[in-house]
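So you can see what is in the structure, the chains are spelled out below.
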Amino acid sequence: MGLDFVENDATFEHAVTCAEFGKFHYFLLAVCGLIYADLAIGVTIISFVLPSAECDFQLTSQDKGWLNAAPMFGMLLGSYFWGCLADTQGRKVVLVAALLMDGIFGLLSSISQFSSLFMVCRFFNGFGIAGAMGICFPYLGEFQPTEFREKVLSWMELFWTFGIIALPGIAWLIIPLPILFQVPHFKFASWNLFIVVCSIPSLILAVWLCFFPESPKFLLECGEHEKALDVLRHVFSVNTGVPPDEFPVANLKERAPRVSIISIQSKRSVRSVKSVKSPKDVKLLLREVGYQTLELFYPPYRKNTILACLIQFGITSSYYTLMLWFPELFNRFDHYEREHPHSPSVSVCEVSSVYVSSNSSHTINAIEHCTETIDSSVFSHTLIIGLACIPTSLWLPLCVHKLGAKFFLVFCMLVSGGVTVGLYFVQTSNQNLLLSCIFEALTSLGISVVYCIMVDLFPTNLRVMAAALSATIGRVGALLGNLVFGFLIDTFCVVPIMLMAALLFMSGILAMFLPATGKEDLD
């Protein structure tokens, strides 16, 4: 391919296509996918830590609800913060910063000796996780040609499944180990080591990501055409093995400006604020954030913004509430079946009430109760839940072009809503396991599909911010869901279960009103 075929004023989509699809995209999918798998571990790690740390921190069900809610609260506040930065300062740099925060505070939480300090560290874990989760999909999607974008983004669900599978495997290997280092005012047990092992990948991935370029679509949106071309030349060279200067596009065509009610500040001037050094820099950044936030609620984006926020609220609150409580419910079923081996089958709500009554009667020897460990069935059941996600994780990328992302979202939400209703009627731990497998497979798939759809629903300068806004609304639901579940699971457990089911049904119905995606250009 020689310079005789160089094209001037090519569109971005045409230039991305000319860069071809190959080795670079596989490397990028690998790093973004591993980030997503790492986030799956980071989001659900607390579900194994709480049963293990229950004795060290002397936790009640209400305490567990608060500790489950701490990372959700961090994700709530972090989603919009990181989204604003990513849409003004760049995808890669913000993604690296979010991963570093997650890893560093994960290590700090592993040596926390008080539940309050542990809660603060997990709050900042959630803060960092929110940034990485909201950015990795747009960052990956903005390198993809239209032909491959939806399918590539769909493969991310498989990596999330790997994370869900890896977490109980790691927990099963480490938490049962007889590890205990104790000196005055400091104790380090196997569950502390478990947190350390799960925190290190975030730091490794942050370093690896430093070797990748910034999103060319973001650079183009900022007016940095030559830098965007340099990135595409690099992608072309890695994919084809030929020198970058043989890239068949010399210039990128200026895209017609979007018609908007709001006249926003030039992105180039905002991006020039590399660091906040004066009140003027802060004012400029906040003004741009305000303009872009308002633009989401004006035509033509208003309908999609409202739908995305409501759908995220329903699916996120249900998923992050029930998934964080499943190991606890498994533990309670196991406790009940050990204590009542010949009793008739009971529902999950009856199991919880018996579990609480049994534990409250052991007031004379709380230390003896605290020597109990998590039964191996809890690890195996959670591992089975992760394995159950593999078929749906493969179904999505293989059929997304034929059925459409919207079909998957509606199907997953309506069926998972019915499954959640079924959780109230289960009579054995095996029935609970079966429904939990279906719930995890469908709701995790639904969350990934939402992120895939949002890459196509909004333009470059609003994409991450729209995802962040909807994620923020979703985190509100997750925060409230965990608090409600913690306070009601012991006494009125039918209320939180049916509430989660209603939210999933709501998300499925609202998803029917989303436009079809996957066939159009990014903007």
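Notes on the structure in this doc start here. Computed from a prediction, not measured in an experiment: that's the story for all the values here.

With respect to the nonpolar core
- In this structure, Ile-35, Tyr-36, Met-133, Trp-160 and Tyr-320 are the most contacted members of the largest nonpolar core, which totals 129 residues.
- Apart from the residues within four sequence positions on either side, Trp-160 is in contact with Tyr-36, Ala-37, Leu-39, Ala-40, Val-43, Met-133, Tyr-319, Tyr-320, Glu-440 and Ser-444.
- Residues Phe-48, Leu-167, Ala-171 and Phe-194 belong to the second largest nonpolar core, which totals 21 residues.

Points about the packing of helix H7 (residues 146-154) against helix H20 (residues 429-457)
- For the pair H7 and H20, the least separation of the axes is 9 Å and the interaxial angle reads 155°. Taken together, the axis directions place H7 and H20 in an arrangement best described as roughly antiparallel. Here the hand of the crossing between H7 and H20 comes out right-handed. Residue-level inspection shows Arg-149, Leu-153 and Ser-154 of H7 in contact with H20, the latter providing Cys-452, Val-455 and Asp-456.
- For the contact of H7 with H20, the per-class residue count stands at three nonpolar, one polar and two charged.

Some details on unusual backbone geometry
- For the bond running from Pro-299 to Pro-300, omega is 10°, close enough to zero to count as cis.
- Here Pro-300 is to be found in the loop between helix H13 (279-295) and helix H14 (302-339).
- Of note in the backbone geometry, Glu-20 takes a positive phi value of approximately 65° without being a glycine.
- Residue placement: Glu-20 occurs in the loop between helix H1 (12-18) and helix H2 (23-44).
- Residue class for Glu-20 comes out partly exposed when judged on its relative accessible area of 34%.
- The backbone of His-185 sits at a positive phi, close to 70°, despite the residue not being glycine.
- As for its position among the elements, His-185 is in the loop between strand E1 (180-183) and strand E2 (186-189).

A word on the pattern of salt bridges
- One pass over the full model with this rule turns up four salt bridges.
- Where Arg-91 meets Glu-142, a salt bridge forms, and the shortest distance between an N and an O atom there is 2.7 Å. Pair noted here: Arg-91 is in helix H5 (residues 91-110) and Glu-142 is in the loop between helix H6 (115-141) and H7, with a separation of 51 residues, a long-range link.
- One salt bridge in this structure joins Arg-233 and Asp-230, with 2.7 Å as the shortest N-O distance. Remark: Asp-230 and Arg-233 occur in helix H11 (residues 225-240); sequence separation between them is three residues, near one turn of the helix.
- Put simply, Glu-226, Asp-230 and Arg-233 are held in one network by salt bridges that share partners.

Basis of the calculations
Residues numbered from 1 in each chain as written. Predicted model: local features only at pLDDT ≥ 70, side-chain atom pairs only at ≥ 80, totals over all residues. Heavy atoms only, no water. Core = buried A, V, L, I, M, F, W, Y, C linked by side-chain atoms within 4.5 Å. Buried < 20%, exposed > 50% of the residue type's maximum accessible area, 1.4 Å probe, protein only. Contact = heavy atoms within 4.5 Å. Axes fitted to C-alpha atoms, helices over the stretch in contact; angles between N-to-C directions. Helix = DSSP H or I, 4+ residues; strand = E, 2+ residues; numbered from the N terminus. Parallel < 35°, antiparallel > 145°, perpendicular 65-115°, else oblique. Left-handed = near helix turned anticlockwise from the far one by under 90°. Nonpolar A, V, L, I, M, F, W, Y, C, P; charged D, E, K, R; others polar. Salt bridge = Lys/Arg side-chain N within 4 Å of Asp/Glu carboxyl O.

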